[in-house]
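Listed here are the chains, written in short residue letters.
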Amino acid sequence: MSVHALPRIAIYGAGSVGGYLGARLHDNARITCIGRRRVIDAWRIHGGLDWSDLQGGHEHVATRDVELQVDPFAAAKAHLVLVTVKSSATETVARELAEVIAPGVPVVSFQNGLHNAATLREALPGHPVLAGMVPFNVLQRIPGDFHQGSAGELMVEAHESLAAFLPVFEASGLPLTARSDMPAVLAAKLLLNLNNALNALSDLPLKDELSQRDWRRCLALAQREALAVFAAADIHPAKLTPLPPQWLPRVLDMPDAWFKRLASRLLAIDPVARSSMWEDLERGRPTEVDAINGEVVRLAAQHRVPAPVNERLVQLIHEAEQTRRAWSAREMLDQLHPGAV
Ligand SMILES: NC(=O)C1=CN([C@@H]2O[C@H](COP(=O)(O)OP(=O)(O)OC[C@H]3O[C@@H](n4cnc5c(N)ncnc54)[C@H](OP(=O)(O)O)[C@@H]3O)[C@@H](O)[C@H]2O)C=CC1
Ligand SMILES: CC(C)(CO)C(=O)C(=O)O
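Keep in mind that what you see is a predicted model, and the values were worked out from it rather than measured.

## Quick notes on the packing of helix H6 (residues 182-202) against helix H8 (residues 213-232)
At step 1: Put simply, H6 and H8 touch, their axes get as near as 10 Å, and they point 145° apart. Seen from above, H6 lies across H8 with right-handed handedness. Contact with H6, carried on its side by Ala-187, Leu-190, Leu-191, Leu-192, Leu-194, Asn-195, Leu-198, Leu-201 and Ser-202, involves Trp-215, Cys-218, Leu-219, Ala-222, Gln-223, Ala-226, Leu-227 and Phe-230 of H8 and no other residues of that element.
At step 2: Of the residues that constitute the contact of H6 with H8, the class distribution is 14 nonpolar, 3 polar and no charged.

What follows is the structure in structure tokens.
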């Protein structure tokens, strides 16, 4: 197919997820990545984008094969826009997109958190704005080099406007599963993302952290609390893992040998993979904790149920944004459940 016949996809938020998606999709779409000057310059110096994954797949995408831009106006010609900024940037991005994108162009939020699509929708009336979900981990190892460190399929709210784009994702080896229950999918992802804060505070790779029972006990505390809050708020998380979400805390609590046997897929993670929140602390950026553990705390307050574990995690991450230290699992357990150790 001539390159001119390929759809144009703008990826707004050149970072770990945005760079990875851009690199994976570039054979089947004309990709424009829009981001900060420091990032775009670094990617140009790198000579483009590299992606790799757990299965050994890898590719170099030269700068001539992907458009790298700092000006929001570069999204004007897009047939589809993917938003890949952190949650705290969504409102600004929504306003920037409203100024530039063509009428009716669909916009997909590939972000963690429950409300990003709603925030985009408010500023973009007349566009289908669809919630998406990225299940896997992406680490930007050096600027322009992206590694997918765990498995899973991208999900998106089912909508007719995506019909022309689903084959693009499929052909690129990143199939998009269309779902009619995205709020439930995002709630289930939020439960998994409660580990982002713990992983960042542990300063360990995800695999090492989740291999230690005491770190898993910390996550189980945060998830149990979130499940009780969700129940009070009538939110029913979807089943994204082989185990129903309600079983996760019990399985996390298990001794290491049992956990490894029952939840081997949860540990099928690249040994270098870390949470996106760890990457934020590492790079001295504000984190998304208010949209993740903070969401549990907000819902708990609305429904008058306690959420001390997630409240403490929000505090600890905000402290870590100022001054970092690596916590041991025992110290963390003592913070989240005094007397449990
Ligand atoms: N990384 C991962 O493994 C995963 C991440 N996610 C989710 O995906 C989303 C993106 O995460 P991730 O890729 O890690 O984030 P990154 O921080 O790596 O990338 C986002 C980039 O967008 C930039 N940006 C922010 N606002 C604008 C703007 N107005 N115009 C242009 N660029 C802007 C940011 O710059 P600046 O830093 O200056 O704000 C940053 O460079 C998050 O919601 C995250 O939770 C989901 C699954 C896995
Ligand atoms: C994939 C996962 C759950 C963990 O890396 C994530 O969403 C993140 O890091 O933000």
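The discussion continues.
## Considerations on the site of ligand 1
At step 1: The full set close to ligand 1 counts 27 residues, and Val-17, Arg-36, Asn-112, Val-138 and Glu-288 are the nearest of them.
At step 2: Between an oxygen atom of ligand 1 and a main-chain N or O atom of Val-138, the distance comes to 2.7 Å.
At step 3: When ligand 1 is considered free in solution it has 890 Å² of accessible area, and contact with the protein chains removes 90% of it.
At step 4: Of all the elements in the fold, those that place two or more residues in the shell around ligand 1 are helix H1 (16-25), helix H2 (37-46) and helix H3 (90-100).
At step 5: Along the lines of polarity and charge, the residues of the shell around ligand 1 split into 11 nonpolar, 9 polar and 7 charged.
At step 6: Inspection of the shell around ligand 1 shows a minimum of three residues originating in each of domain 1 (3-180) and domain 2 (183-336).

## Here we look at the packing of aromatic side chains
At step 1: A complete count under the given rule lists 3 aromatic pairs for this structure.
At step 2: Considering the side-chain rings of Tyr-20 and Phe-136, the 5.7 Å spacing of their centres and the 70° angle between planes classify their relative orientation as edge-to-face. Placement of Tyr-20 in helix H1 and of Phe-136 in the loop between strand E8 (129-133) and strand E9 (138-142) is noted, with a sequence separation of 116 residues between them.
At step 3: Look at Trp-43 and Phe-146: their rings are 5.3 Å apart centre to centre, the planes differ by 85°, and that puts the pair in the edge-to-face class. One end of the pair, Trp-43, is in helix H2; the other, Phe-146, is in strand E10 (residues 145-148), and 103 residues separate them in sequence. In this pair, the class of Trp-43 matches that of Phe-146, namely buried.
At step 4: The rings of Tyr-20, Trp-51 and Phe-136 are connected pair by pair, giving a single aromatic cluster.
At step 5: The residue whose ring lies beneath Arg-216 is Phe-259, and the NZ or CZ to ring-centre distance is 4.1 Å.
At step 6: In this arrangement the basic side chain of Arg-325 is found over the ring face of Trp-327, its NZ or CZ atom lying 3.9 Å from the centre.

## Brief notes about the UniProt feature "domain: Ketopantoate reductase N-terminal" (unreviewed entry) in the protein chain
At step 1: When the UniProt feature table is mapped onto this chain, "domain: Ketopantoate reductase N-terminal" (unreviewed entry) is found at residues 9-158.
At step 2: Here residues 9-158 is 26% helix and 32% strand, with 18 Å between the C-alpha atoms at its ends.

## Observations regarding the side chain of His-26
At step 1: Tracing the backbone through its elements, the reader meets His-26 in the loop between H1 and strand E2 (30-34).
At step 2: Among all residues touching His-26, those that are not within four sequence positions of it are Ile-31, Glu-59, Val-61 and Asp-65.

## A few points about the pattern of salt bridges
At step 1: Applying the stated rule across the entire model yields 19 salt bridges.
At step 2: Glu-331 is paired through a salt bridge with Arg-325; the nearest N and O atoms lie 2.7 Å apart.
At step 3: Residue Glu-331 is classed as partly exposed on the basis of its relative accessible area, which comes to 34%.
At step 4: Given the relative accessible area of 41%, Arg-325 is considered partly exposed.
At step 5: Each of Asp-203, Arg-274, Glu-282 and Arg-324 takes part in one network of salt bridges that share partners.

## As for the sheet that holds strand E6 (residues 80-83)
At step 1: Reading across the sheet, the 8 strands line up as E5-E2-E1-E6-E7-E8-E11-E12 and stay open at both edges, with mixed pairing between neighbours. The outermost strands of the open sheet, each flanked by one partner alone, are strand E5 (67-69) and strand E12 (176-179). Neighbour-to-neighbour, the strand axes of the sheet open up by a mean angle of 25°, direction not taken into account.
At step 2: Alignment of E6 against strand E7 (residues 107-109), held across 3 bridges, turns out to be parallel. Considered in E7, the bridge of Val-81 is made with Val-107.
At step 3: Lying over the sheet, helix H4 (residues 116-123) contacts E6, E7, E8 and strand E11 (154-157), oriented at roughly 160° with respect to E8.

Conventions and cut-offs
Residues numbered from 1 in each chain as written. Chains lettered and ligands numbered in written order. Predicted model: local features only at pLDDT ≥ 70, side-chain atom pairs only at ≥ 80, totals over all residues. Heavy atoms only, no water. Axes fitted to C-alpha atoms, helices over the stretch in contact; angles between N-to-C directions. Helix = DSSP H or I, 4+ residues; strand = E, 2+ residues; numbered from the N terminus. Left-handed = near helix turned anticlockwise from the far one by under 90°. Contact = heavy atoms within 4.5 Å. Nonpolar A, V, L, I, M, F, W, Y, C, P; charged D, E, K, R; others polar. Near = heavy atom within 4 Å. Polar contact = N/O pair within 3.5 Å; in protein donor to acceptor, adjacent residues only side chain to side chain. Areas by Shrake-Rupley, 256 points an atom, 1.4 Å probe, with all protein chains shown as cover. Domains from an automatic or database assignment. Phe/Tyr/Trp six-rings, centres within 6.5 Å; stacked < 30°, edge-to-face > 60°. Buried < 20%, exposed > 50% of the residue type's maximum accessible area, 1.4 Å probe, protein only. Lys NZ or Arg CZ within 6 Å of the ring centre and 35° of its normal. UniProt positions renumbered as here; feature names shortened; annotations may be inferred. Salt bridge = Lys/Arg side-chain N within 4 Å of Asp/Glu carboxyl O. Pairing = 2+ DSSP bridges.

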